[in-house]
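# Summary of structural features
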Amino acid sequence: MTVITHNRRRSRLSTLVNQPGGVSVGVALDQARSNLATLKARSREIIETQVAALAALPAPSGADEGALDQAYAHASAVIDAAGPFELNDLCAAAVNLCDLIDGAPEGRPFDWRIVTVHAQALRLLLSLPPEAADARAKVLDSLKDVLKAKIPGVGEGEA
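Attention here is on the structure that accompanies the text. Since we're looking at a predicted model, the values are computed, not measured.

What follows deals with the packing of helix α3 (residues 40-56) against helix α4 (residues 65-82). How two helices sit against one another is set out by the angle between their axes and by the gap between those axes. α4 packs onto α3 with a crossing angle of 165° between their chain directions and a minimal axis gap of 9 Å. In terms of orientation, α3 lies roughly antiparallel with respect to α4. Classified by chirality, the crossing of α4 by α3 is left-handed. Contacts between α3 and α4 involve Ser43, Ile46, Ile47, Gln50, Val51, Ala53 and Leu54 on the former and, on the latter, Ala71, His74, Ala77, Val78, Ala81 and Ala82.

Turning to the nonpolar core, a few remarks are in order. Judged by nonpolar contacts, the single largest core of 36 residues is most densely connected at Ile47, Leu54, Phe110 and Trp112. Of all the secondary structure elements, the ones that give two or more residues to this core are α3, α4, α5 (88-102), α6 (113-127) and α7 (133-150). Ranked by residues supplied to this core, first place goes to α5 with eight residues. In this view, Phe110 contacts Leu68, Leu100, Ile101, Ala104 and Val115; residues no more than four positions away in its chain are not counted.

Our focus in this paragraph is unusual backbone geometry. One non-glycine residue, Glu86, lies in positive phi territory at about 55°. As for its placement among the helices and strands, Glu86 is situated in the loop between α4 and α5.

On to α6. The end-to-end C-alpha distance of α6 is 21 Å, a good match for the 21 Å that 15 residues give at a rise of 1.5 Å each. For α6, every residue scored as buried is listed here: Ile114, Val115, His118, Ala119, Ala121, Leu122, Leu125 and Leu126. Looking down the long axis of α6, one finds its buried residues gathered within 165° of arc, a one-sided arrangement. Among the exposed residues of α6, those oriented more than 90 degrees off its buried face are Arg113 and Ser127. Contacts made by the buried residues of α6 are with α3, α4, α5 and α7.

The end-to-end C-alpha distance of α3, which contains 17 residues, comes to 24 Å, matching closely the 24 Å that a straight helix rising 1.5 Å per residue would cover. Every buried residue of α3 is listed here: Ser43, Ile47, Gln50, Val51 and Leu54. In a view along the axis of α3, the buried residues occupy a sector of 100°, so they form one face of it. Residues of α3 that are exposed and angled more than 90 degrees away from the buried face: Ala41, Thr49 and Ala56. Those residues of α3 that are buried lie in contact with α4, α5 and α6.

Conventions and cut-offs
- Residues numbered from 1 in each chain as written.
- Predicted model: local features only at pLDDT ≥ 70, side-chain atom pairs only at ≥ 80, totals over all residues.
- Heavy atoms only, no water.
- Axes fitted to C-alpha atoms, helices over the stretch in contact; angles between N-to-C directions.
- Helix = DSSP H or I, 4+ residues; strand = E, 2+ residues; numbered from the N terminus.
- Parallel < 35°, antiparallel > 145°, perpendicular 65-115°, else oblique.
- Left-handed = near helix turned anticlockwise from the far one by under 90°.
- Contact = heavy atoms within 4.5 Å.
- Core = buried A, V, L, I, M, F, W, Y, C linked by side-chain atoms within 4.5 Å.
- Buried < 20%, exposed > 50% of the residue type's maximum accessible area, 1.4 Å probe, protein only.
- Expected span 1.5 Å × (residues − 1).
- Arc of directions from axis to C-beta.

In structure tokens:
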């Protein structure tokens with residue numbers, strides 16, 4: 001039996017990783033939170049702008065896919081801006097609108113009142129103080145009811 005041996009070369013990366021130094025996980029998380037906090041005001045501006053643009057969209061005539069695409073883009077932008085700051089109620093409302101647009105039957109006119117209601121709900125959620133958890137929950141429950149009514153079978157397995 002023949003045994004082949006060779007000298008293993010250590011990679012430069014493994015040498016760097018094994019050396020002491022760098023930043024602890026706790027310090028890195030604190031720095032990340034601090035960096036993120038500086039962007040919170042800008043995030044709110046983006047959310048407010050997107051909600052205003054969503055509310056300003058004119059109701060389309062017929063099955064105008066362009067208007068639905070714009071509404072979907074505005075709702076997605078709200079999710080993108082609110083997500084990193086754990087504004088879960090805003091994300092949930094915007095996701096609900098996206099789900100309704102995704103589930104809309106093709107070739108049939110979309111009930112534009114849904115977009116209007118979601119824009120108003122997003123404005124309301126933005127205006128509520130953080131401690132108004134019950135009011136936020138009621139708004140989200142109402143939006144979920146719209147989803148269940150418009151797209152049968154959605155949310156039936158939820159408790």
